[in-house]
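Here are the chains, one letter per residue:
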Amino acid sequence: MHEWIARDGGSEKVLDEFVRTFPDADVLCLWDDADRYPGRTVHESGLARTPLRRSKALALSAMPYVWRRRPGSYDFALVSSHCFAHHVTFRGAPSGFEKFVYVHTPARYLWNPELDDRGASLAVRCAAPPLRALDRRRAREGAHFAANSDFVRRRIERSWDVEARVIFPPVETARISSVPDWRDELSAAESALLEGLPETFVLGASRFVPYKRLDWVIRAADLAGVPAVIAGSGPEEGRLRQLADEATVPVHVLARPSDALLYALYQQAHVYVFPAVEDFGIMPVEARAAGARVVVNALGGAGETVAEGVDGLCFREDRVEAVAECIAAIDGVPKGRNEAVAALSSENFRQHIRDWVGEGIGTA
(Lines give C-alpha, C1' and ligand atoms only; values in the text may rest on other atoms or scores of the structure.)
Protein backbone atom coordinates (compact mmCIF):
# COMPACT_ATOMS: atom_id res chain seq x y z
CA MET A 1 0.00 0.00 0.00
CA HIS A 2 1.12 3.53 -0.79
CA GLU A 3 -0.34 7.02 -0.55
CA TRP A 4 -0.39 8.13 -4.20
CA ILE A 5 1.93 6.65 -6.82
CA ALA A 6 4.07 9.21 -8.63
CA ARG A 7 6.49 8.76 -11.51
CA ASP A 8 9.58 9.02 -9.37
CA GLY A 9 10.66 9.51 -5.80
CA GLY A 10 12.31 7.78 -2.87
CA SER A 11 9.03 6.51 -1.44
CA GLU A 12 8.09 5.00 -4.80
CA LYS A 13 11.40 3.11 -4.83
CA VAL A 14 10.42 1.61 -1.48
CA LEU A 15 7.07 0.58 -2.96
CA ASP A 16 8.89 -0.99 -5.93
CA GLU A 17 10.86 -3.18 -3.50
CA PHE A 18 7.70 -4.09 -1.59
CA VAL A 19 6.20 -5.29 -4.87
CA ARG A 20 9.33 -7.33 -5.65
CA THR A 21 9.36 -8.79 -2.14
CA PHE A 22 5.70 -9.89 -2.27
CA PRO A 23 4.99 -10.30 -6.00
CA ASP A 24 1.55 -11.90 -5.49
CA ALA A 25 0.20 -9.17 -3.19
CA ASP A 26 -2.42 -6.65 -4.27
CA VAL A 27 -1.28 -3.04 -4.69
CA LEU A 28 -3.52 -0.36 -3.20
CA CYS A 29 -3.22 3.44 -3.34
CA LEU A 30 -5.27 6.63 -3.35
CA TRP A 31 -4.53 7.16 -7.05
CA ASP A 32 -1.92 6.03 -9.57
CA ASP A 33 -0.26 8.67 -11.76
CA ALA A 34 2.62 6.53 -12.96
CA ASP A 35 1.59 3.08 -14.23
CA ARG A 36 4.77 1.70 -12.62
CA TYR A 37 3.53 -1.91 -12.63
CA PRO A 38 2.34 -2.86 -16.12
CA GLY A 39 0.42 -6.10 -16.16
CA ARG A 40 -0.66 -5.72 -12.54
CA THR A 41 -3.92 -4.34 -11.22
CA VAL A 42 -3.42 -1.34 -8.96
CA HIS A 43 -6.50 -0.72 -6.81
CA GLU A 44 -7.23 2.99 -6.56
CA SER A 45 -9.52 4.67 -4.01
CA GLY A 46 -12.66 6.64 -4.75
CA LEU A 47 -10.58 9.82 -4.71
CA ALA A 48 -9.03 8.75 -8.01
CA ARG A 49 -12.38 9.37 -9.72
CA THR A 50 -12.68 12.93 -8.43
CA PRO A 51 -10.93 16.24 -9.23
CA LEU A 52 -9.26 16.01 -5.80
CA ARG A 53 -6.57 13.72 -7.24
CA ARG A 54 -5.14 16.81 -8.92
CA SER A 55 -4.78 18.70 -5.62
CA LYS A 56 -3.21 16.93 -2.65
CA ALA A 57 -3.85 19.98 -0.45
CA LEU A 58 -7.59 19.91 -1.14
CA ALA A 59 -7.72 16.13 -0.78
CA LEU A 60 -5.83 16.18 2.53
CA SER A 61 -8.82 16.31 4.88
CA ALA A 62 -10.57 13.47 3.03
CA MET A 63 -7.61 11.07 3.03
CA PRO A 64 -7.89 9.79 6.64
CA TYR A 65 -11.46 8.68 5.96
CA VAL A 66 -10.87 7.21 2.51
CA TRP A 67 -8.35 4.74 4.00
CA ARG A 68 -10.86 3.33 6.48
CA ARG A 69 -12.82 0.09 5.96
CA ARG A 70 -11.41 -0.68 2.55
CA PRO A 71 -12.77 -3.81 0.85
CA GLY A 72 -10.65 -6.93 1.19
CA SER A 73 -9.91 -9.89 3.42
CA TYR A 74 -6.14 -9.85 3.82
CA ASP A 75 -3.82 -11.63 6.25
CA PHE A 76 -1.54 -8.61 6.50
CA ALA A 77 -0.91 -5.19 4.97
CA LEU A 78 2.51 -3.72 4.19
CA VAL A 79 2.11 0.05 4.12
CA SER A 80 4.39 2.76 2.72
CA SER A 81 3.29 5.91 4.56
CA HIS A 82 4.25 9.57 4.45
CA CYS A 83 0.77 10.98 4.96
CA PHE A 84 -2.22 8.90 6.14
CA ALA A 85 -1.85 5.43 4.59
CA HIS A 86 -1.13 3.98 8.03
CA HIS A 87 -4.78 4.72 8.95
CA VAL A 88 -5.95 1.86 6.73
CA THR A 89 -8.44 -0.74 7.93
CA PHE A 90 -10.28 -3.48 6.02
CA ARG A 91 -13.91 -4.53 6.31
CA GLY A 92 -13.11 -8.21 5.82
CA ALA A 93 -9.92 -8.41 7.88
CA PRO A 94 -9.72 -11.81 9.61
CA SER A 95 -8.80 -12.41 13.22
CA GLY A 96 -5.03 -12.11 13.54
CA PHE A 97 -4.69 -9.50 10.76
CA GLU A 98 -1.35 -7.63 11.07
CA LYS A 99 -0.39 -4.22 9.73
CA PHE A 100 3.24 -3.30 8.97
CA VAL A 101 3.87 0.41 8.42
CA TYR A 102 7.11 1.64 6.84
CA VAL A 103 7.23 5.33 7.72
CA HIS A 104 9.05 7.80 5.48
CA THR A 105 7.89 10.51 7.89
CA PRO A 106 4.79 11.47 9.84
CA ALA A 107 3.14 14.06 7.58
CA ARG A 108 5.65 16.90 7.71
CA TYR A 109 3.11 19.65 6.94
CA LEU A 110 1.16 18.58 10.05
CA TRP A 111 3.89 17.68 12.50
CA ASN A 112 6.92 19.67 11.27
CA PRO A 113 5.61 22.54 9.10
CA GLU A 114 8.95 24.34 9.51
CA LEU A 115 10.41 21.64 7.24
CA ASP A 116 7.65 21.75 4.62
CA ASP A 117 6.27 24.88 2.97
CA ARG A 118 2.89 23.19 2.46
CA GLY A 119 2.32 23.49 6.20
CA ALA A 120 2.27 27.28 5.91
CA SER A 121 -0.95 27.47 3.89
CA LEU A 122 -4.04 28.76 5.70
CA ALA A 123 -6.07 25.65 4.86
CA VAL A 124 -3.46 23.28 6.30
CA ARG A 125 -2.89 25.43 9.40
CA CYS A 126 -6.63 25.40 10.13
CA ALA A 127 -6.95 21.65 9.55
CA ALA A 128 -3.75 20.67 11.36
CA PRO A 129 -4.86 20.50 15.04
CA PRO A 130 -7.76 18.03 14.55
CA LEU A 131 -5.80 16.07 11.95
CA ARG A 132 -2.83 15.71 14.34
CA ALA A 133 -5.12 14.39 17.08
CA LEU A 134 -6.72 11.92 14.65
CA ASP A 135 -3.36 10.90 13.25
CA ARG A 136 -1.92 10.10 16.66
CA ARG A 137 -5.04 8.17 17.75
CA ARG A 138 -5.04 6.00 14.65
CA ALA A 139 -1.29 5.36 14.79
CA ARG A 140 -1.84 3.97 18.29
CA GLU A 141 -4.58 1.53 17.21
CA GLY A 142 -1.95 -1.16 16.80
CA ALA A 143 0.62 -1.87 14.09
CA HIS A 144 4.27 -2.76 13.56
CA PHE A 145 6.26 0.36 12.67
CA ALA A 146 9.59 0.79 10.90
CA ALA A 147 11.28 4.12 10.20
CA ASN A 148 13.63 4.92 7.33
CA SER A 149 16.17 6.53 9.73
CA ASP A 150 16.74 7.13 13.41
CA PHE A 151 15.87 10.78 12.75
CA VAL A 152 12.39 9.68 11.64
CA ARG A 153 12.15 7.07 14.43
CA ARG A 154 12.51 9.86 16.99
CA ARG A 155 9.92 11.96 15.15
CA ILE A 156 7.48 9.01 15.19
CA GLU A 157 7.94 8.68 18.94
CA ARG A 158 7.34 12.41 19.51
CA SER A 159 4.37 12.64 17.14
CA TRP A 160 2.53 9.37 17.70
CA ASP A 161 4.01 8.04 20.96
CA VAL A 162 4.77 4.65 19.36
CA GLU A 163 8.03 2.77 18.94
CA ALA A 164 9.59 1.84 15.59
CA ARG A 165 12.60 -0.09 14.39
CA VAL A 166 14.95 1.45 11.80
CA ILE A 167 15.24 -0.07 8.32
CA PHE A 168 17.22 2.13 5.95
CA PRO A 169 15.58 2.49 2.50
CA PRO A 170 16.86 0.76 -0.65
CA VAL A 171 19.61 2.29 -2.78
CA GLU A 172 20.91 0.87 -6.07
CA THR A 173 24.44 0.65 -4.68
CA ALA A 174 25.30 -2.56 -6.54
CA ARG A 175 24.34 -1.09 -9.91
CA ILE A 176 26.20 2.16 -9.30
CA SER A 177 29.34 0.45 -7.97
CA SER A 178 29.40 -2.09 -10.81
CA VAL A 179 30.62 0.45 -13.41
CA PRO A 180 34.22 1.60 -12.86
CA ASP A 181 33.83 4.74 -14.98
CA TRP A 182 30.36 5.97 -15.85
CA ARG A 183 31.78 8.19 -18.60
CA ASP A 184 31.96 5.02 -20.68
CA GLU A 185 28.15 4.74 -20.50
CA LEU A 186 27.37 8.24 -21.78
CA SER A 187 26.01 9.27 -25.14
CA ALA A 188 28.18 11.45 -27.35
CA ALA A 189 26.16 14.54 -26.39
CA GLU A 190 26.47 13.75 -22.67
CA SER A 191 30.21 13.16 -22.99
CA ALA A 192 30.60 16.55 -24.66
CA LEU A 193 28.56 18.20 -21.93
CA LEU A 194 30.69 16.60 -19.19
CA GLU A 195 33.90 17.61 -20.97
CA GLY A 196 32.69 21.19 -21.02
CA LEU A 197 32.39 21.43 -17.23
CA PRO A 198 35.15 22.85 -15.00
CA GLU A 199 37.86 20.40 -14.02
CA THR A 200 37.02 20.94 -10.34
CA PHE A 201 33.42 21.52 -9.24
CA VAL A 202 31.06 21.15 -6.29
CA LEU A 203 28.00 19.07 -7.20
CA GLY A 204 24.48 19.68 -5.95
CA ALA A 205 21.90 17.25 -7.33
CA SER A 206 18.30 16.60 -6.33
CA ARG A 207 14.81 17.75 -7.23
CA PHE A 208 14.63 21.50 -7.83
CA VAL A 209 12.37 22.28 -4.87
CA PRO A 210 13.01 24.75 -2.01
CA TYR A 211 13.61 22.34 0.87
CA LYS A 212 16.46 20.61 -0.99
CA ARG A 213 18.43 23.88 -0.59
CA LEU A 214 20.30 23.81 -3.86
CA ASP A 215 20.60 27.57 -3.49
CA TRP A 216 22.83 26.81 -0.48
CA VAL A 217 25.09 24.73 -2.73
CA ILE A 218 25.55 27.68 -5.08
CA ARG A 219 26.18 30.14 -2.25
CA ALA A 220 28.56 27.80 -0.38
CA ALA A 221 30.54 27.05 -3.53
CA ASP A 222 30.74 30.79 -4.16
CA LEU A 223 32.07 31.38 -0.63
CA ALA A 224 34.60 28.55 -1.05
CA GLY A 225 35.68 29.89 -4.45
CA VAL A 226 34.92 26.62 -6.27
CA PRO A 227 32.74 26.27 -9.42
CA ALA A 228 29.45 24.42 -9.00
CA VAL A 229 27.23 22.10 -11.03
CA ILE A 230 23.53 21.84 -10.15
CA ALA A 231 21.68 18.84 -11.62
CA GLY A 232 18.04 17.81 -11.43
CA SER A 233 14.60 19.10 -12.38
CA GLY A 234 11.67 20.86 -10.79
CA PRO A 235 9.87 24.18 -10.29
CA GLU A 236 12.92 25.98 -8.84
CA GLU A 237 14.90 25.74 -12.09
CA GLY A 238 14.38 29.39 -13.10
CA ARG A 239 15.40 30.69 -9.68
CA LEU A 240 18.48 28.47 -9.58
CA ARG A 241 19.56 29.65 -13.02
CA GLN A 242 19.22 33.24 -11.84
CA LEU A 243 21.37 32.51 -8.78
CA ALA A 244 23.90 30.78 -11.05
CA ASP A 245 24.14 33.91 -13.21
CA GLU A 246 24.69 36.09 -10.13
CA ALA A 247 27.47 33.92 -8.59
CA THR A 248 31.10 35.03 -8.76
CA VAL A 249 32.22 31.48 -9.66
CA PRO A 250 31.07 29.51 -12.72
CA VAL A 251 27.81 27.64 -12.00
CA HIS A 252 26.30 25.20 -14.52
CA VAL A 253 22.67 24.06 -14.21
CA LEU A 254 21.95 20.71 -15.88
CA ALA A 255 18.27 19.89 -16.24
CA ARG A 256 17.00 16.30 -16.19
CA PRO A 257 20.29 14.37 -16.36
CA SER A 258 20.11 10.67 -17.18
CA ASP A 259 21.12 8.19 -14.50
CA ALA A 260 24.41 7.56 -16.30
CA LEU A 261 25.23 11.28 -16.47
CA LEU A 262 24.31 11.76 -12.80
CA TYR A 263 26.58 8.89 -11.75
CA ALA A 264 29.40 10.28 -13.94
CA LEU A 265 28.92 13.66 -12.24
CA TYR A 266 29.24 11.98 -8.84
CA GLN A 267 32.54 10.44 -9.96
CA GLN A 268 33.93 13.68 -11.40
CA ALA A 269 32.85 16.00 -8.59
CA HIS A 270 35.28 17.48 -6.10
CA VAL A 271 32.54 16.88 -3.51
CA TYR A 272 28.80 16.19 -3.52
CA VAL A 273 26.93 18.61 -1.23
CA PHE A 274 23.53 17.79 0.29
CA PRO A 275 22.43 20.59 2.66
CA ALA A 276 18.77 19.60 3.11
CA VAL A 277 17.35 18.53 6.47
CA GLU A 278 16.29 15.21 4.99
CA ASP A 279 14.50 12.22 6.49
CA PHE A 280 17.13 9.87 5.06
CA GLY A 281 18.88 11.09 1.91
CA ILE A 282 19.26 8.50 -0.85
CA MET A 283 21.43 10.62 -3.14
CA PRO A 284 24.39 10.98 -0.74
CA VAL A 285 24.48 7.16 -0.55
CA GLU A 286 24.40 6.96 -4.36
CA ALA A 287 27.26 9.48 -4.54
CA ARG A 288 29.40 7.44 -2.15
CA ALA A 289 28.63 4.24 -4.09
CA ALA A 290 30.05 6.02 -7.15
CA GLY A 291 33.14 7.08 -5.21
CA ALA A 292 32.32 10.69 -4.33
CA ARG A 293 33.08 12.44 -1.08
CA VAL A 294 30.01 14.06 0.47
CA VAL A 295 29.05 16.97 2.70
CA VAL A 296 25.68 16.50 4.44
CA ASN A 297 23.57 18.17 7.11
CA ALA A 298 23.96 16.57 10.54
CA LEU A 299 20.46 17.72 11.54
CA GLY A 300 18.62 15.11 9.46
CA GLY A 301 18.97 11.47 8.58
CA ALA A 302 21.63 11.91 5.89
CA GLY A 303 24.45 11.94 8.41
CA GLU A 304 23.49 8.56 9.89
CA THR A 305 25.25 6.63 7.15
CA VAL A 306 28.27 8.92 6.65
CA ALA A 307 31.55 7.88 8.27
CA GLU A 308 32.93 11.26 9.35
CA GLY A 309 36.34 11.87 7.82
CA VAL A 310 36.24 8.54 5.95
CA ASP A 311 33.80 9.23 3.13
CA GLY A 312 32.43 12.64 4.00
CA LEU A 313 31.85 15.48 6.43
CA CYS A 314 28.76 16.61 8.34
CA PHE A 315 28.11 20.28 9.06
CA ARG A 316 26.51 20.82 12.46
CA GLU A 317 25.63 24.52 12.30
CA ASP A 318 22.69 25.01 9.97
CA ARG A 319 24.15 27.86 7.93
CA VAL A 320 25.69 28.29 4.49
CA GLU A 321 29.05 29.32 5.92
CA ALA A 322 29.35 25.93 7.66
CA VAL A 323 28.79 24.22 4.30
CA ALA A 324 31.52 26.34 2.72
CA GLU A 325 33.91 25.42 5.54
CA CYS A 326 33.29 21.71 4.87
CA ILE A 327 33.93 22.21 1.15
CA ALA A 328 37.24 23.85 2.01
CA ALA A 329 38.14 20.97 4.35
CA ILE A 330 37.07 18.08 2.08
CA ASP A 331 40.61 17.42 0.81
CA GLY A 332 41.24 15.80 4.18
CA VAL A 333 38.79 13.04 3.20
CA PRO A 334 40.02 10.33 0.80
CA LYS A 335 38.20 9.96 -2.50
CA GLY A 336 37.08 6.51 -3.62
CA ARG A 337 34.28 3.99 -3.27
CA ASN A 338 33.33 3.06 0.28
CA GLU A 339 32.32 -0.58 0.46
CA ALA A 340 30.18 0.09 3.56
CA VAL A 341 27.37 1.49 1.38
CA ALA A 342 26.79 -2.02 -0.02
CA ALA A 343 24.84 -2.74 3.19
CA LEU A 344 22.21 -0.25 1.96
CA SER A 345 21.47 -2.20 -1.23
CA SER A 346 18.01 -3.00 -2.53
CA GLU A 347 18.68 -6.70 -1.97
CA ASN A 348 19.46 -6.16 1.71
CA PHE A 349 16.38 -3.97 2.08
CA ARG A 350 14.13 -6.73 0.71
CA GLN A 351 15.62 -9.21 3.18
CA HIS A 352 15.06 -6.82 6.09
CA ILE A 353 11.43 -6.39 5.03
CA ARG A 354 10.91 -10.17 4.72
CA ASP A 355 12.40 -10.69 8.19
CA TRP A 356 10.30 -7.92 9.72
CA VAL A 357 7.01 -9.20 8.30
CA GLY A 358 7.97 -12.80 9.03
CA GLU A 359 8.58 -12.00 12.69
CA GLY A 360 5.26 -10.19 12.96
CA ILE A 361 3.12 -12.96 11.49
CA GLY A 362 5.10 -15.73 13.18
CA THR A 363 6.79 -17.26 10.12
CA ALA A 364 10.34 -15.99 10.63
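Every chain begins its residue count from 1, and numbering advances along the sequence as written. Thresholds applied to this predicted model are a pLDDT of at least 70 for local features of residues and 80 or more for the giving and counting of side-chain atom pairs; totals over whole chains, interfaces and linings are not thresholded and use all residues. For the side-chain quantities, the full set of heavy atoms in the structure was used; hydrogens and water were omitted.

As recorded by an unreviewed UniProt entry, the protein chain carries the name Glycosyltransferase and is attributed to Rhodococcus pyridinivorans.

Novice: Got a minute to help me understand the overall build of the protein chain in this structure?
Specialist: Secondary structure elements follow DSSP: runs of H or I of four or more residues count as helices, runs of E of two or more count as strands, with numbering from the N terminus. Looking only at helices and strands, the protein chain has 14 helices and 12 strands in total. We compute the radius of gyration from the C-alpha atoms alone; for a globule the expected value is 2.2 Å times N to the 0.38, where N is the number of residues. Taking 364 residues into account, the globule formula puts the C-alpha radius of gyration at 21 Å, and the protein chain, at 21 Å, falls close to it. Overall, the C-alpha framework of the protein chain stretches about 60 × 45 × 35 Å when taken along its three principal axes. Think of it in three bands: residues with accessible area under 20% of the maximum for their type are buried, residues over 50% are exposed, and the middle band is partly exposed, with areas taken using a 1.4 Å probe on protein chains only. Counting across all 364 residues of the protein chain, residues that qualify as buried make up 53%. The contact criterion used is simple: two residues touch if any of their non-hydrogen atoms lie within 4.5 Å. Considering only contacts within the protein chain whose residues lie at least 6 apart along the sequence, 60% involve residues at least 24 apart.

Novice: Help me understand unusual backbone geometry, please; the structure alone is not making it clear to me.
Specialist: Most peptide bonds take the trans configuration, and most residues that are not glycine carry a negative phi. Unusually for a residue other than glycine, Arg 69 sits at a positive phi of about 50°. Residue classification places Arg 69 among the exposed residues on the basis of a relative accessible area of 52%. A positive phi is found at Arg 256, a non-glycine position, where the angle reads about 50°. Assignment of secondary structure puts Arg 256 in the loop between β9 (251-255) and α11 (259-268). Here Arg 256 falls in the exposed class, since its relative accessible area comes to 59%.

Novice: Sorry, what's going on with the packing of aromatic side chains here?
Specialist: A ring pair, where both rings are aromatic, is described by two values, the distance of the centres and the angle of the planes. Ring pairs shown here join Phe, Tyr and Trp side chains whose ring centres sit within 6.5 Å, with only the six-membered ring taken for Trp; geometry is labelled stacked below 30 degrees between planes, edge-to-face above 60, and tilted in between. For the structure shown, the criterion picks out 15 aromatic pairs. Seen in terms of ring centroids, Tyr 263 and Tyr 266 are 6.2 Å apart; in terms of plane orientation they differ by 20°. Their pairing is stacked. Of the two residues, Tyr 263 and Tyr 266 both sit in helix α11, three residues apart, roughly one turn of that helix. On the basis of relative accessible area, Tyr 266 is assigned to the buried category, the value being 0%. Here a set of aromatic residues connected by ring pairs shows up, and it is made of Trp 182, Tyr 263, Tyr 266, Tyr 272 and Phe 274.

Novice: Help me understand the environment of Ile 5, please; the structure alone is not making it clear to me.
Specialist: Mapped onto the secondary structure, Ile 5 falls in the segment before α1 (10-21). In this structure Ile 5 comes out as buried when scored by relative accessible area, which is 1%. Leave out the neighbours within four places in its chain, and Ile 5 touches Glu 12, Leu 15, Val 27, Cys 29, Trp 31, Asp 32, Asp 33, Ala 34, Arg 36, Tyr 37 and Val 42.

Novice: How should I be thinking about empty space enclosed by the protein in this particular structure?
Specialist: Left-over empty space is what a probe sized like a water molecule reveals as it rolls over the atoms. Both cavities and pockets are sets of points on a 1 Å grid over the protein atoms alone; in a cavity a 1.4 Å probe fits but cannot get out, in a pocket the set is open with protein on both sides within 12 Å along at least five of seven lines, and lining residues sit with an atom within 4 Å of a point. Grid points are joined across faces, edges and corners, and a volume is the space filled by probe spheres set on the points. With the rule as written, the count across this model stands at one cavity of 30 Å³ or more. The volume enclosed by the largest cavity comes to roughly 40 Å³. Around the largest cavity, the lining residues are Phe 208, Val 209, Pro 210, Leu 214, Asp 215, Glu 236, Arg 239 and Leu 240. For this classification, the nonpolar set comprises Ala, Val, Leu, Ile, Met, Phe, Trp, Tyr, Cys and Pro, the charged set comprises Asp, Glu, Lys and Arg, and every other residue, Gly included, is treated as polar. A breakdown of the residues in the lining of the largest cavity according to their chemical character gives five nonpolar, no polar and three charged.

Novice: What is the right way to read the sheet that holds strand β12 (residues 312-315) from this model?
Specialist: Backbone-to-backbone hydrogen bonds join strands into a sheet, with any given pair of strands oriented parallel or antiparallel. Paired strands, as defined in this entry, are two strands with at least two bridges between them according to DSSP. In spatial order, the strands read β9-β8-β7-β10-β11-β12; together these six strands make up an open sheet with parallel pairing. Strands with a single pairing partner mark the edges of an open sheet, and in this sheet they are β9 and β12. Put simply, the sheet's adjacent strands are angled 20° from each other on average, direction ignored. Strand direction decides the pairing type here: strand β7 (residues 202-205) and strand β10 (residues 271-274), joined by two bridges, are parallel. Looking at β10, one finds that Leu 203 is bridged to Tyr 272. Angular values range over 0 to 180 degrees, each being the angle between N-to-C directions of two axes fitted as lines to C-alpha atoms, with helices fitted over their stretch in contact. Its contacts with the sheet place helix α10 (residues 237-246) against β8 (228-232) and β9, and it is angled at close to 160° to β9.

Novice: Explain the side chain of Arg 350 here, please?
Specialist: Mapped onto the secondary structure, Arg 350 falls in helix α14 (residues 346-361). Excluding its chain neighbours within four sequence positions, the residues that come into contact with Arg 350 are Glu 17, Arg 20 and Thr 21.

Novice: Is there a simple way to think about the pairing of β8 in this case?
Specialist: Working note: regular strand, side chains alternate between the two faces of the sheet. With five of five residues buried, β8 lies mostly within the body of the structure. Here β8 shows no split at all, with Ala 228, Ile 230 and Gly 232 on one side and Val 229 and Ala 231 on the other all buried. Alignment of β7 against β8, held across four bridges, turns out to be parallel. In the strand pairing of β8, Ala 205 is matched with Ala 231. When the strands point away from the viewer and the connection leading from the first strand across the helix to the second strand turns clockwise, the crossover is called right-handed. In this fold, β7 hands off to helix α9 (residues 214-224), which returns the chain to β8; that crossover is right-handed. Across five bridges, the pairing between β8 and β9 is parallel. Of the residues in β9, the one forming a bridge with Ala 228 is Val 251. A crossover links β8 with its parallel partner β9, the connecting element being α10, and its sense is right-handed.

Novice: Is there a simple way to explain the sheet that holds strand β5 (residues 144-147) in this structure?
Specialist: What the four strands build is an open sheet, ordered β3-β4-β5-β6; its pairing is parallel. This sheet does not close on itself; its edge strands, each paired only once, are β3 (76-81) and β6 (165-166). Of the strand pairs in this sheet, strand β4 (residues 98-103) and β5 are connected by four bridges, and their pairing is parallel. Across the sheet, residue Tyr 102 finds its bridge partner in β5, namely Ala 146. Here α1 sits on the sheet and contacts β3 and β4; the angle it forms with β3, its principal contact strand, is near 160°. Running at roughly 135° to β5, helix α6 (residues 150-160) makes contact with β4, β5 and β6 of the sheet.

Novice: Explanation requested: the side chain of Asp 135 in the structure shown.
Specialist: By the element assignment, Asp 135 lies in helix α5 (residues 122-139). A residue counts as positive if it is Lys or Arg and as negative if it is Asp or Glu; His and the chain ends are not included. Here a salt bridge means any side-chain nitrogen of Lys or Arg lying within 4 Å of a carboxyl oxygen belonging to Asp or Glu. Look at Asp 135: it is buried, it has no salt bridge, and the nearest opposite charge is Arg 138 at 7.8 Å. Polar contact is defined as a pair of N or O atoms within 3.5 Å, subject to the rule that within protein one atom must be able to donate a hydrogen and the other to accept it, and that residues adjacent in sequence are counted only when both atoms are side-chain atoms. A polar atom in the side chain of Asp 135 sits 2.8 Å from the side chain of His 86. Dropping the residues within four chain positions of it, Asp 135 is found in contact with Cys 83, Phe 84, His 86, His 87, Trp 111 and Trp 160.

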